[in-house]
Amino acid sequence: MKPLLIESAFPTLHNDVTIAVAQIESTGQMPSTEGLDAPLVLDMTMSYVLFLVKDQRTTAAMQAIEFLLYADDNDRLPPLYASWLWLARMTLMIADGQPTLALSSAESALELMSEIAGKKSEDLLAQLAGILYNLTMIHHTAGDSSRAAKELTRAQKLYERLAKRNDTRFAAMLLYAVDASTDIIQSRTKQMNVLAHYQQCTELYTAMLEQGGDEGQTREALTALVDSLKNEGDIMLQMGNGRNAVKYFTKALRYQKKLGEPFGHKDLVLSIGLAKSLMRLINRRAAAEQLLNSLLPVARRLQAHNEVIEIENLLLGKSKTNNIMTLLKGIF
């Protein structure tokens, strides 16, 4: 997927800053603000942040964003200015490979947008579309094509609506969304093909176990069956089928126990997969959280650093994702 064109969601400023923007683009620096009133300085600073983000000067952009969001007088920051800054931060975090921080930024943006009363303006809808497009990117990268497809569909509909109002501003993002839908469809087709392959493997290894053999052959077939079931569970998760994913990971854990080995890294990975599957089922989310909390000390004891981070992110991301979905429903 192509990254969000952050300028498409940039709010309409209260002042004409054409000269300041020209200076920013020619020098790459913030123009002097001496003697200017606060509203004009704010609009110039917003334009400078936009320039920094587009110019991929991430560190400087983050510093400028934080300066505006956390300034002592930030209560004078218009809500759509603040929500755009959080959207810009979300975009930077995605580019930096930090999806959890990106979700936090989306949550902050949506909380501000939910407080805006009245008719949904072009600027508000543009930011909603941008957040949905960014969420698509996060979940597509994570392999959750089912959720990504739903978010992209909503983003695309918004961009279609916005492009009818303002083709110049939104045509490019509409094309980006259409192009992204092709990527997600291709991903789903590939997932179906890979799933069919692993289903055949599972049938083969199950038949081998039923036929019996010496101890070495049985262990080999059992290990291969566990791996195949895990892969099927992973694909079901990516496709958004939590119920079937639970079945595959439960089977994989059951066969893994038959190997008679102490609880190790493989058991941990399978258990995390089961927890992720349970999180997709509304009535099993509490069980998923309980399982993750019980796995965290085990992961630390096994010194499984990547899995520790994954569990912590799942526990943190769960609440953020749920809150984001609630906020989106409230705004729409």
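Please refer to the structure higher up on the page.
The text that follows walks through the structure, step by step, so that each part is easy to find. (Residues numbered from 1 in each chain as written. Predicted model: local features only at pLDDT ≥ 70, side-chain atom pairs only at ≥ 80, totals over all residues. Heavy atoms only, no water.)

This next bit is on the nonpolar core. In this structure, M46, W84, L85, L110 and Y159 are the most contacted members of the largest nonpolar core, which totals 71 residues. Take this core: its biggest share by element is 12 residues, from helix α4 (residues 79-95). The residues contacting L110, other than those within four sequence positions of it, are L128, I131, I324, L327, L328 and I331. With 34 residues, the next largest nonpolar core counts L281, A288, L296 and I311 among its residues. (Core = buried A, V, L, I, M, F, W, Y, C linked by side-chain atoms within 4.5 Å. Buried < 20%, exposed > 50% of the residue type's maximum accessible area, 1.4 Å probe, protein only. Helix = DSSP H or I, 4+ residues; strand = E, 2+ residues; numbered from the N terminus. Contact = heavy atoms within 4.5 Å.)

Another point: the side chain of N134. When you line up the elements, N134 lands in helix α6 (residues 122-141). The class of N134 is buried, set by a relative accessible area of 1%. Look past the residues within four positions of N134 in its chain and what remains in contact with it is L4, L87, M90, T91 and I94.

Looking now at helix α12 (residues 285-301). With 17 residues, α12 extends 25 Å from end C-alpha to end C-alpha; this agrees with the ideal 24 Å at 1.5 Å per step. When the local axis directions of α12 are compared, the greatest deviation, roughly 25 degrees, occurs at L295, which is followed within four positions by the proline P297. Phi turns positive one or two residues past the end of α12, at Q303, with a value near 55 degrees. (Expected span 1.5 Å × (residues − 1). Bend = angle between axes of the 7 residues up to and from the residue.)

For helix α3 (residues 58-69), spanning 12 residues, the distance from its first C-alpha to its last is 16 Å, which sits close to the expected 16 Å at 1.5 Å a residue. On the buried face of α3, the contacting elements are α2 (38-54) and α4.

The next thing to look at is the packing of helix α1 (residues 18-27) against α2. At a closest axis distance of 10 Å, the pairing of α1 and α2 adopts a crossing angle of 35 degrees. Considering the relative orientation of α1 and α2, their crossing is right-handed. Residues A20, V21, I24 and E25 of α1 form the contact with α2, whose participating residues are M44, S47, Y48 and F51. A class-by-class count of the residues in the contact of α1 with α2 yields 6 nonpolar, 1 polar and 1 charged. (Axes fitted to C-alpha atoms, helices over the stretch in contact; angles between N-to-C directions. Left-handed = near helix turned anticlockwise from the far one by under 90°. Nonpolar A, V, L, I, M, F, W, Y, C, P; charged D, E, K, R; others polar.)

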